[in-house]
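What follows is the residue order along each chain.
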Amino acid sequence: MAKGFIIHKSDSSHVRHQKQKLRNKIKRSAQKKLNRISLHSSGNRIAFFSYIAEIEHFCRKNNIMFWGEPRRKIYLKGKCSLHDNPNEVLRPLLEILHYAKCGNQVINPVLICKNSISFGAMHLIDSICWEIASHRKWGVEFENFSDANRDIISNLRTFKSYISNSGSSYIINEKVIINRDEFDILNQQYKVKAKEITQMVQLAIQECSNNPSYELPFLAYSAINSTIGEHFDNIKQHAPNARSGILCGFYNREQKEVDILIFNFGNTIADTLLVNSLPNEMRDSIDDIITSHTTRSFFKNNFTKENALTLLAMQEGISSKISDDISRGHGLIDYIEHCFKLNTGTKIVIISGRTAIKIDNSYSIKTKYVFNRLRRVIAFNEDNDIYLLPNSSNVVNLNYYFPGVIIETTIPLS
Amino acid sequence: MKTYNLNLLELINPPHTELISGRDLGETFARQKEVLSHIENGEIIIINIDAKIRAINDSFIKGFFSEIFKKYRTQDKVKTLVEIKGSEDFKSLFDKNLKLLDIIYNA
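**A few points about the overall build of chain B**
And step 1. Assigned secondary structure in chain B consists of five helices and five strands.
And step 2. When its helices and strands are written in sequence order, chain B yields β-β-α-α-β-β-α-α-β-α.
And step 3. For chain B, the C-alpha radius of gyration of 13 Å lies close to 13 Å, the compact-globule estimate for 107 residues.
And step 4. Among the 107 residues that make up chain B, the fraction classed as buried is 53%.
And step 5. Summarising the internal contacts of chain B: among those between residues at least 6 apart in sequence, 80% fall at separations of at least 24.
And step 6. Per element, the accessible surface of chain B, about 4800 Å² overall, is 47% carbon and sulfur.
And step 7. Each charge class in chain B was averaged separately, 16 positive and 16 negative side chains, and the resulting centres sit 2 Å apart.

Written as structure tokens, this is what we have:
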């Protein structure tokens, strides 16, 4: 004990009293600190902090409080990619969040890559880590990551607006604040980044084709800009509680492809069709599909009502806001059409709730007469019929829940 | 014939932005410029698309035309009331959306 705190026989009663007071005060302060770290059933101390509301919601919806002892070694099994294996992206995110709160508060976790990892997965991992780091001392060790991926991860600053153009990659990242001010509707920062990302794609093609004077044709230039615009319009329209969205463009010089990743927390796509204020016409269409699926016993473990609603919401003219204007409900289908105009080898994955919809050139958008008029439809089956089961490789029921929407688009440049 | 000119250049901020996007923006722009009133006064609406504008998304166009289509219903009629002055690419883009709106409003 420090000399100043030892009570000596020679101390006067006043001095004894003051020293005792100080000792008690220090003891109380240490106890308070200890109380902030309570014990998890595993014996690890739980860090007593809360993530931002959206991340807490993500954790709660996946019941991570019941996951038992968190593992320090977190394996990225198989192809850790949103398109190929979304479960294998969401699981490690949740494991990281679980470890941060209930794992060892001093030793960092280790992410071990068993196969490969996509840019979208790395971006999400980085986002989660920055959120954790805002609450506690935090770091992650990476094992079996390629040099190129280590380079990407070390350059990622997903929490802010930045541009990084290094040897193997070019990254444009923006945290877009959703501006809902009617009188300031021009002030949408994503439009600035849309231009930069479009120009990045143009640069990428110039480099790949060795043609520095190449210019994207109107349709392609317009398509990239428009796809980004459409998604942020959707966030504004259908996710009223979303304060921001992430927009990231990534040009991989080695793989010769461009990734555009956009995600936001908030309502899921299926949520938008479950609101009480749904117009009658829309409610009838939804009920018709759900009743048909139920009658045919389509709803099982690998295809749920949420999957069906998410797929339905993608079709032309399906919108919770159709009573405001019957021309609504084109955002997602316009987005998909634009992407495939860029390159037929494009891959898109849309993840929302427990649903992943993987779009590539195996199924295309076609016009069909459904719900009383001709509409563009993509149903992921041979007949392009939304009343039939979609291919389970394209409409996937996930093991984990994402409270919002993630859209990753990969455009090959060859 | 009386005309009323709209300049879409107001909706971008060159050189930083070149995209016109957003259903809300389309609706608000049409409302602020009192497009329907001008049409009802017998004026032809001329939409001027400057070369600095590189992209206009479909939602903006649908938002802009939503009140016009509610009243006039067909693309043939709307085309007599609104003229697009810009590149052939933009004219095709507007045509595509007007065709879609025609299908929706006349289904």
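**So, the packing of aromatic side chains**
What describes a pair of aromatic rings is the distance from one ring centre to the other and the angle between the planes of the rings.
And step 1. Counted by the stated rule, this structure contains 19 aromatic pairs over all chains.
And step 2. Ring centres of Trp130(A) and Phe159(A) lie 4.5 Å apart, and the angle between their planes is 50°; on these two criteria the pair is classed as tilted. Here Trp130(A) is found in helix H4 (residues 119–133), whereas its partner Phe159(A) is found in the loop between helix H5 (147–155) and strand S8 (162–165), with 29 residues between them in sequence.
And step 3. Taking the relative accessible area as the measure of exposure, Trp130(A) reaches 32% and is therefore partly exposed.
And step 4. The structure contains a cluster of three or more aromatic residues connected by ring pairs, namely Phe29(B), Phe60(B), Phe64(B), Phe65(B) and Phe94(B).
And step 5. When the ring centre of Tyr401(A) is taken as origin, the NZ or CZ atom of Lys61(A), which lies over that ring, is 4.7 Å away.
And step 6. Lying across the ring of Phe49(A), Lys101(A) places its NZ or CZ 5.9 Å from the centre.

**Some words on the pairing of S8(A)**
Residue and element names in this part refer to chain A.
And step 1. The alternating pattern of S8 places Tyr162 and Ser164 on a buried face and Ile163 and Asn165 on a face that is not buried.
And step 2. With four bridges joining them, S8 and strand S9 (residues 169–177) adopt antiparallel strand pairing. Bridged to Ile163 within S9 is Ile172.
And step 3. Two successive antiparallel strands, S8 and S9, enclose a turn made up of three residues.

**Brief notes about the nonpolar core**
Residues and elements named next belong to chain A.
And step 1. In terms of nonpolar packing, the biggest core is built from 51 residues, with Ile96, Leu97 and Ile117 touching the most fellow members.
And step 2. In this structure, Leu97 is in contact with Tyr51, Ile55, Phe58, Cys59, Ile64, Ile128 and Ile132, ignoring residues within four places of it in sequence.
And step 3. In terms of nonpolar packing, the next biggest core, distinct from the first, is built from 38 residues, Leu273, Ile318, Ile357 and Ile407 among them.

**Topic: the sheet that holds strand S7 (residues 141–143) of chain A**
Residues and elements named next belong to chain A.
And step 1. Strand order in this open sheet of three strands is S3-S5-S7, and the pairing throughout is parallel. Pairing within the sheet leaves two strands with one partner each, and these edge strands are strand S3 (73–76) and S7. Across the sheet, the mean angle from the axis of one strand to that of its neighbour is 25°, orientation sign disregarded.
And step 2. Note: S3 against strand S5 (residues 110–113), four bridges, orientation parallel.

**A closer look at the side chain of Thr198(A)**
Residue and element names in this part refer to chain A.
And step 1. Looking at the element boundaries, Thr198 is found in helix H6 (residues 190–208).
And step 2. Looking at Thr198, the relative accessible area reads 0%, which means it is buried.
And step 3. Among the polar contacts listed, one links the side chain of Thr198 to the side chain of Asn225, at a separation of 3.4 Å.
And step 4. If near-sequence neighbours (up to four positions away) are discounted, Thr198 is found in contact with Leu216, Tyr221, Ile224 and Asn225.

**With respect to the confidence of the model for chain B**
And step 1. For chain B, mean pLDDT is 92; residues scoring 70 or higher make up 100% of the total.
And step 2. Across the predicted assembly, pTM comes out at 0.85 and ipTM at 0.86.

**Points about the interface of chain A and chain B**
And step 1. Contacts between chain A and chain B engage 32 residues on the former and 33 residues on the latter.
And step 2. A buried area of about 2900 Å², summed over both sides, lies between chain A and chain B, and 53% of it is on carbon and sulfur atoms.
And step 3. Applying the counting rule to chain A against chain B returns zero salt bridges.
And step 4. Elements with a contribution of two residues or more to the side of chain A that touches chain B: H6, helix H7 (218–238), helix H11 (331–342) and strand S14 (373–377) of chain A.
And step 5. The biggest single contributor to the side of chain A that touches chain B is H7(A), with 10 residues.

**Comments concerning the state of the cysteines**
Residues and elements named next belong to chain A.
And step 1. Tallying each qualifying case throughout the model produces zero disulfides over all chains.
And step 2. The closest cysteine sulfur to the non-disulfide-bonded Cys59 is located on Cys102, 9.3 Å from its own sulfur.
And step 3. Considering cysteine sulfurs only, Cys248 is the nearest to Cys208, which forms no disulfide, with 18 Å between them.

**What about the packing of H4(A) against H5(A)?**
Residue and element names in this part refer to chain A.
And step 1. At their nearest, the axes of H4 and H5 sit 10 Å apart, and the two run at 40° to each other. It follows that H4 is oblique to H5 by the angle criterion. Pair H4 / H5 crosses with right-handed handedness. Residues Phe119, Met122 and Asp126 of H4 form the contact with H5, whose own contacting residues are Asn149, Ile152 and Ile153.
And step 2. Per-class residue counts for the contact of H4 with H5 are four nonpolar, one polar and one charged.

**Digging into the packing of helix H3 (residues 58–72) of chain B against helix H5 (residues 88–105) of chain B**
Residues and elements named next belong to chain B.
And step 1. Contact geometry for H3 and H5: axes closest at 10 Å, N-to-C directions at 50°. Classified by the interaxial angle, the pair formed by H3 and H5 is oblique. The interaxial crossing formed by H3 with H5 has right-handed handedness. The residues of H5 that touch H3, namely those facing Asp58, Ile61, Lys62, Phe65, Ser66, Phe69 and Lys70, are Leu93, Phe94, Lys96, Asn97, Leu98, Leu100, Leu101, Asp102 and Tyr105.
And step 2. Classifying every residue of the contact of H3 with H5 by side-chain character gives nine nonpolar, two polar and five charged.

**Thoughts on the pattern of salt bridges**
And step 1. Here the structure, examined in full by the defined rule, presents 21 salt bridges over all chains.
And step 2. Linking Glu316(A) and Arg373(A) is a salt bridge whose minimum nitrogen-to-oxygen distance equals 2.8 Å. With Glu316(A) in the loop between helix H10 (305–314) and H11 and Arg373(A) in strand S14, this pair connects stretches of sequence that are 57 residues apart. When sorted by exposure, Glu316(A) lands in the same class as Arg373(A), which is buried.
And step 3. A salt bridge links Asp95(B) to Lys79(B), with the nearest nitrogen and oxygen atoms 3.1 Å apart. A residue pair is termed long-range when its members are at least 10 positions apart, and Asp95(B) in helix H5 and Lys79(B) in helix H4 (residues 75–81) qualify at 16 residues.
And step 4. Judged by its relative accessible area of 37%, Asp95(B) is partly exposed.
And step 5. Judged by its relative accessible area of 40%, Lys79(B) is partly exposed.
And step 6. Through salt bridges with shared partners, a single ionic network connects Arg71(A), Glu88(A), Arg91(A) and Glu95(A).

The rules behind each value
- Residues numbered from 1 in each chain as written.
- Chains lettered and ligands numbered in written order.
- Predicted model: local features only at pLDDT ≥ 70, side-chain atom pairs only at ≥ 80, totals over all residues.
- Heavy atoms only, no water.
- Helix = DSSP H or I, 4+ residues; strand = E, 2+ residues; numbered from the N terminus.
- Rg over C-alpha atoms; globule rule 2.2 N^0.38 Å.
- Buried < 20%, exposed > 50% of the residue type's maximum accessible area, 1.4 Å probe, protein only.
- Contact = heavy atoms within 4.5 Å.
- Areas by Shrake-Rupley, 256 points an atom, 1.4 Å probe, with all protein chains shown as cover.
- Lys, Arg positive; Asp, Glu negative; His and termini not counted.
- Charge placed at Lys NZ, Arg CZ, Asp CG, Glu CD.
- Phe/Tyr/Trp six-rings, centres within 6.5 Å; stacked < 30°, edge-to-face > 60°.
- Lys NZ or Arg CZ within 6 Å of the ring centre and 35° of its normal.
- Pairing = 2+ DSSP bridges.
- Core = buried A, V, L, I, M, F, W, Y, C linked by side-chain atoms within 4.5 Å.
- Axes fitted to C-alpha atoms, helices over the stretch in contact; angles between N-to-C directions.
- Polar contact = N/O pair within 3.5 Å; in protein donor to acceptor, adjacent residues only side chain to side chain.
- pLDDT = per-residue confidence, 0-100.
- Buried area = accessible area lost by both parts, 1.4 Å probe.
- Salt bridge = Lys/Arg side-chain N within 4 Å of Asp/Glu carboxyl O.
- Disulfide = S-S within 2.5 Å.
- Parallel < 35°, antiparallel > 145°, perpendicular 65-115°, else oblique.
- Left-handed = near helix turned anticlockwise from the far one by under 90°.
- Nonpolar A, V, L, I, M, F, W, Y, C, P; charged D, E, K, R; others polar.

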